[in-house]
Amino acid sequence: MTAEWDASSIEIKSQRLRLKLFAADDAAEVFAAITPAITRFMQWEPPRSPAAFGEVWRSWPAPILDGSDWHFVVRSLADGRCLGLVGLHAARTACPEIGIWLREDVHGNGIGREAVAAVAAWASDAFNPDCFEYPAAEENVASRRIAEGLGGSIVETRSNSKYTSVVYRIPNSRR
């Protein structure tokens, strides 16, 4: 990717969602949607303030510009409301990692699977990886169902200070 490349032109649409790369204008809405309940199954702790979140998101543009890490804001097509984030990490590897978090009030209606499937389809076309890794906390049944619904199978387990996760390998559906 070059400095002239315009990441703002990337948009992924699905039946109910619009995903665009994170921009500074998204920060307040994204921060407002981060709650301790949704970060229970994430390796990181929620930022305590908008300023603390700023320290996090200000590190995202450089990896987006070099094409290695992508942070997509998930929005409802119906009303434009911010629903969460999907990340594509190590995008230029044989098996990039996909991660997602969604605001609590949209859990349980297939938004997560739709968003992950949309990013995986886009990345399959853009990078043609062999597969995708999708780590999920062992206890996070809903997140595990996303990977399983996309044909994922468990290839390893990992532990961190908060929980043990299973790592799914999701096939590239374009191959």
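One structure accompanies this document, and this report is about it. (Residues numbered from 1 in each chain as written. Predicted model: local features only at pLDDT ≥ 70, side-chain atom pairs only at ≥ 80, totals over all residues. Heavy atoms only, no water.)

To continue, consider the nonpolar core. Among the nonpolar cores identified, the biggest contains 34 residues, and Leu-19, Trp-70, Phe-72, Leu-88, Trp-122 and Tyr-134 are the most heavily contacted of them. Secondary-structure elements contributing two or more residues to this core are β2 (17–21), β3 (70–76), β4 (82–89), β5 (97–102), α5 (111–127), β6 (131–137), α6 (141–149) and β8 (164–171). The leading source of residues in this core is α5, at nine residues. The residues contacting Phe-72, other than those within four sequence positions of it, are Ile-10, Ile-12, Leu-19, Lys-20, Leu-21, Gly-84, Leu-85, Val-86, Val-119 and Trp-122. Judged by nonpolar contacts, the second largest core, of 15 residues, contains Phe-22, Phe-31, Ala-33 and Cys-82. (Core = buried A, V, L, I, M, F, W, Y, C linked by side-chain atoms within 4.5 Å. Buried < 20%, exposed > 50% of the residue type's maximum accessible area, 1.4 Å probe, protein only. Helix = DSSP H or I, 4+ residues; strand = E, 2+ residues; numbered from the N terminus. Contact = heavy atoms within 4.5 Å.)

Our focus in this paragraph is the state of the cysteines. Simply put, disulfide is the name for a covalent bond between the sulfur atoms of two cysteines. Taken as a whole, this structure holds one disulfide when the rule is applied. Across the disulfide from Cys-95 sits Cys-131; the S-S distance is 2.4 Å. The sign of the S-S torsion, about -130°, decides the handedness of the disulfide formed by Cys-95 and Cys-131: left-handed. Remark: Cys-131 occurs in strand β6 and Cys-95 occurs in the loop between β4 and β5; sequence separation between them is 36 residues. The same class applies to Cys-95 and to Cys-131, which are both buried. (Disulfide = S-S within 2.5 Å.)

Turning next to the pairing of β8. Pairing analysis gives seven bridges linking β6 to β8, with the strands arranged antiparallel. Each bridged residue has a counterpart across the sheet, and for Pro-135 the counterpart in β8 is Val-167. One ladder, built from six bridges, connects strand β7 (residues 153–159) with β8; its direction is antiparallel. Following the sheet pairing, Ser-159 is matched in β8 by Thr-164. Taking the residues that link successive antiparallel strands as the turn, the β7-β8 hairpin has four residues. (Pairing = 2+ DSSP bridges.)

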